[in-house]
Amino acid sequence: MIETPVIHGSFTLERTYPAALQRVFGAWSTPAAKARWFSTPESEHSLDFRIGGVETATGTSPEGNRLVFRSIYHHIIPDQRIVYGSTLSADGVVITVSVTTVEFAEHGDGTRLTLTESAAFLDGKEKPEWRENGSAGQLDALALQLEQD
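Summary of the structure given here. Here the residue numbers are simple positions, counted from 1 along each chain's written sequence. In view of the model being predicted, local features appear only for residues whose pLDDT reaches at least 70, and side-chain atom pairs are presented and counted only at 80 or more, with totals across whole chains, interfaces and linings using the full set of residues. Values shown for side chains rest on all heavy atoms present in the structure; no hydrogens or waters enter the calculation.

**A closer look at the packing of aromatic side chains**
Under the pairing criterion, centres of Phe, Tyr and Trp rings, with the six-membered ring standing for Trp, must be within 6.5 Å; the plane angle then separates stacked pairs below 30 degrees from edge-to-face pairs above 60, leaving the rest tilted. In the structure shown here, the tally under the stated rule is eight aromatic pairs. Between F38 and F69, the aromatic rings sit 6.1 Å apart at their centres with planes inclined by 50 degrees, giving tilted as the arrangement. You can see F38 sitting in helix α2 (residues 31–38) and its partner F69 sitting in strand β4 (residues 66–77), a full 31 residues away along the chain. Per-residue accessibility, obtained with a 1.4 Å probe over protein chains only, is compared with the maximum for each type, and a residue is labelled buried under 20%, exposed over 50%, and partly exposed between these values. When its relative accessible area of 16% is taken as the criterion, F69 is described as buried. Only Lys NZ and Arg CZ are tested; either one counts as a charge over a ring when it is within 6 Å of the ring centre and within 35 degrees of the ring normal. A cation over an aromatic ring shows up here: K34 above the ring of F38, its NZ or CZ 4.4 Å from the ring centre. Between K34 and the ring centre of Y84, over which it is positioned, the NZ or CZ distance is 5.8 Å. Helix and strand definitions follow DSSP, with helices as H or I runs of at least four residues and strands as E runs of at least two, each counted in order from the N terminus.

Set out below in structure tokens:
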């Protein structure tokens, strides 16, 4: 019997952006806006932002693996909360299954965003700290994009 380890992990990231709540939510819900900070120029990104809608980001890892991040939106309250379930696949094999909640709240003249993710990391192909670092980097990219828009 082959051992297939599953690592369970959760993390919460908080950011405060000096932008109106509607702008920050719009950066998540508008396809062109989300593509600017969520994906790279070398990757492909599509977003159908509605309950039951699918988001897909496709690219290549530094090792040359084809990566596909696919999410399905399960719960949306405009300007308040988004909940989605995702898989990350490498060369057609699912390596992570996760549930993510993104909460938005007014914070002075800006917006406080809280992202919480729980995941099963399969067969040692991804680690919780890699996902947390990647998500933190995306939230930092969102900050830069909000500054430029």
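**As for the sheet that holds β4**
Two strands pair if DSSP finds at least two bridges between them. The strand order β1-β7-β6-β5-β4-β3-β2 describes an open sheet built from seven strands, whose pairing is antiparallel. Strand pairing shows two members of the sheet lacking a second neighbour, β1 (6–17) and β2 (44–47), which therefore form its edges. Taking the axes of each pair of neighbouring strands and ignoring which way they run, one obtains an average angle of 15 degrees across the sheet. Pairing between strand β3 (residues 54–60) and β4: seven bridges, direction antiparallel. Across the sheet, E55 pairs through a bridge with S71, a residue of β4. Contacts were defined at the residue level, with two residues in contact if any of their heavy atoms lie within 4.5 Å. Here an axis means a line fitted to C-alpha atoms, over the contact stretch when the element is a helix, while the angle between two N-to-C directions is reported on a 0 to 180 degree scale. Where helix α3 (residues 128–148) meets the sheet, it contacts β1, β4, β5 (81–90), β6 (93–107) and β7 (110–122), and its direction lies at approximately 20 degrees from that of β1.

**What to know about the nonpolar core**
Nonpolar side chains in soluble globular proteins tend to be buried together. Within the largest apolar cluster, 30 residues are counted, with the highest numbers of intra-cluster contacts made by W28, I82, V102, F104, L113 and L142. Of all the secondary structure elements, the ones that give two or more residues to this core are β1, α1 (21–29), α2, β4, β5, β6, β7 and α3. Among the elements that take part in this core, α1 stands out by supplying five residues, more than any other. The contact partners of I82, leaving out residues within four places of it in the chain, are F25, W28, F49, Y73, H75, T100, T101, V102 and F104. Side-chain atoms within 4.5 Å are what join buried Ala, Val, Leu, Ile, Met, Phe, Trp, Tyr and Cys residues into a set we call a nonpolar core.

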